[in-house]
Amino acid sequence: MSVAFRIRCCLCTKNIPLAGDVIALDGEWQRRYPNMRGTLACERCVIDYGWNCCTTTQGGFVDGHVAAPEGEVDVDSWSHHLERGTHRALVTLYPRSGLLQGAEPYLRSLANRRGTLPEVAARLGAALDGFDAQHSRTGTPQPVTG
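Residues numbered from 1 in each chain as written. Predicted model: local features only at pLDDT ≥ 70, side-chain atom pairs only at ≥ 80, totals over all residues. Heavy atoms only, no water.

1. So, the overall build of the chain
In step 1: The helix and strand inventory of the chain stands at six helices and three strands.
In step 2: Taken from the N to the C terminus, the helices and strands of the chain come in the order β-α-β-α-β-α-α-α-α.
In step 3: Across the 146 residues in the chain, those meeting the buried criterion constitute 39%.
In step 4: When contacts within the chain are restricted to residue pairs at least 6 apart in sequence, those whose partners lie at least 24 apart make up 57%. (Helix = DSSP H or I, 4+ residues; strand = E, 2+ residues; numbered from the N terminus. Buried < 20%, exposed > 50% of the residue type's maximum accessible area, 1.4 Å probe, protein only. Contact = heavy atoms within 4.5 Å.)

2. Topic: the confidence of the model for the chain
Regions with low pLDDT carry predicted coordinates that are not meant to be interpreted in detail.
In step 1: Residues of the chain with pLDDT of at least 70 account for 90%, and the chain-wide mean is 85.
In step 2: In the model of the chain, helix α6 (residues 118–138) stands out as the element of lowest mean pLDDT, 87, in contrast to strand β2 (residues 40–42), which has the highest, 96. (pLDDT = per-residue confidence, 0-100.)

3. Re the state of the cysteines
Covalently bonding the sulfur atom of one cysteine to the sulfur atom of another cysteine gives a disulfide.
In step 1: All chains considered together, the criterion is met by zero disulfides.
In step 2: The structure places no disulfide on C9, whose sulfur is separated from the nearest cysteine sulfur, that of C42, by 3.7 Å.
In step 3: Between C45, a cysteine without a disulfide, and C12, which holds the nearest cysteine sulfur, the sulfur-to-sulfur distance is 3.6 Å. (Disulfide = S-S within 2.5 Å.)

4. Concerning the nonpolar core
In step 1: In terms of nonpolar packing, the biggest core is built from 34 residues, with L11, L25, L40 and V91 touching the most fellow members.
In step 2: The element best represented in this core is α6, accounting for five residues.
In step 3: Aside from chain neighbours lying at most four places away, what touches L25 is C10, L11, M36, T39, A41, V46, H80, H81 and L82. (Core = buried A, V, L, I, M, F, W, Y, C linked by side-chain atoms within 4.5 Å.)

5. Brief notes about unusual backbone geometry
In step 1: Within the chain, T13 stands out as a residue other than glycine whose phi angle is a positive 65 degrees.
In step 2: Structurally, the position occupied by T13 is in the segment before β1 (22–25).

6. Brief notes about the sheet that holds β2
In step 1: As summarised here, the arrangement of the three strands in space is β2-β1-β3, forming an open sheet in which the pairing is antiparallel. The two strands at the open ends of the sheet, each matched to only one other strand, are β2 and β3 (81–85). Across this sheet, the average inter-strand angle for adjacent strands is 30 degrees, counted without regard to direction.
In step 2: By the bridge criterion, three bridges tie β1 to β2 in an arrangement that is antiparallel. When the sheet's bridge partners are listed, I23 is paired in β2 with A41. (Pairing = 2+ DSSP bridges. Axes fitted to C-alpha atoms, helices over the stretch in contact; angles between N-to-C directions.)

7. Observations concerning the packing of aromatic side chains
In step 1: Per the counting criterion, the structure on display carries three aromatic pairs.
In step 2: Linked through ring pairs, W29, Y33 and Y49 together constitute an aromatic cluster. (Phe/Tyr/Trp six-rings, centres within 6.5 Å; stacked < 30°, edge-to-face > 60°.)

8. Thoughts on the pattern of salt bridges
In step 1: By the definition in use, this model includes seven salt bridges.
In step 2: A salt bridge links E104 to R108; the nearest nitrogen and oxygen atoms lie 2.9 Å apart. Of this pair, E104 and R108 both sit in helix α5 (residues 104–112), four residues apart, which is roughly one turn of that helix.
In step 3: With relative accessibility at 25%, the residue E104 sits in the partly exposed group.
In step 4: Among the charged side chains, a salt-bridge network with shared partners connects D21, E43 and R84. (Salt bridge = Lys/Arg side-chain N within 4 Å of Asp/Glu carboxyl O.)

Rendered as structure tokens:
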């Protein structure tokens, strides 16, 4: 049985439309937007919040720059996307962000579902354990990346 959920965008905190893709953002987005809650964003915010340049006029990277994923040309915000896909796919690939952004019931269900691949269940279980431990210590969610 599938569990319904909605993901809130890490930048605007609005629900990402179910008909739209989710975009996973990398560490450079987190550096530039430190108030992000998770790393899964809606396409509108990726367009609106993006930047045009990762380099200075002298040709080096800006201070503190986090390199784009391996194999990507590192020129602008579009160089700093990790994945693009469906809600279910991206919260499974990035469960720590999924937990922060509204997919907790789905991820708990998937981790315990018969038929879930053992390596997927183990990865989800580890993310859930970390999430539960963090909430039991503080009583409120703390920023978690990835």
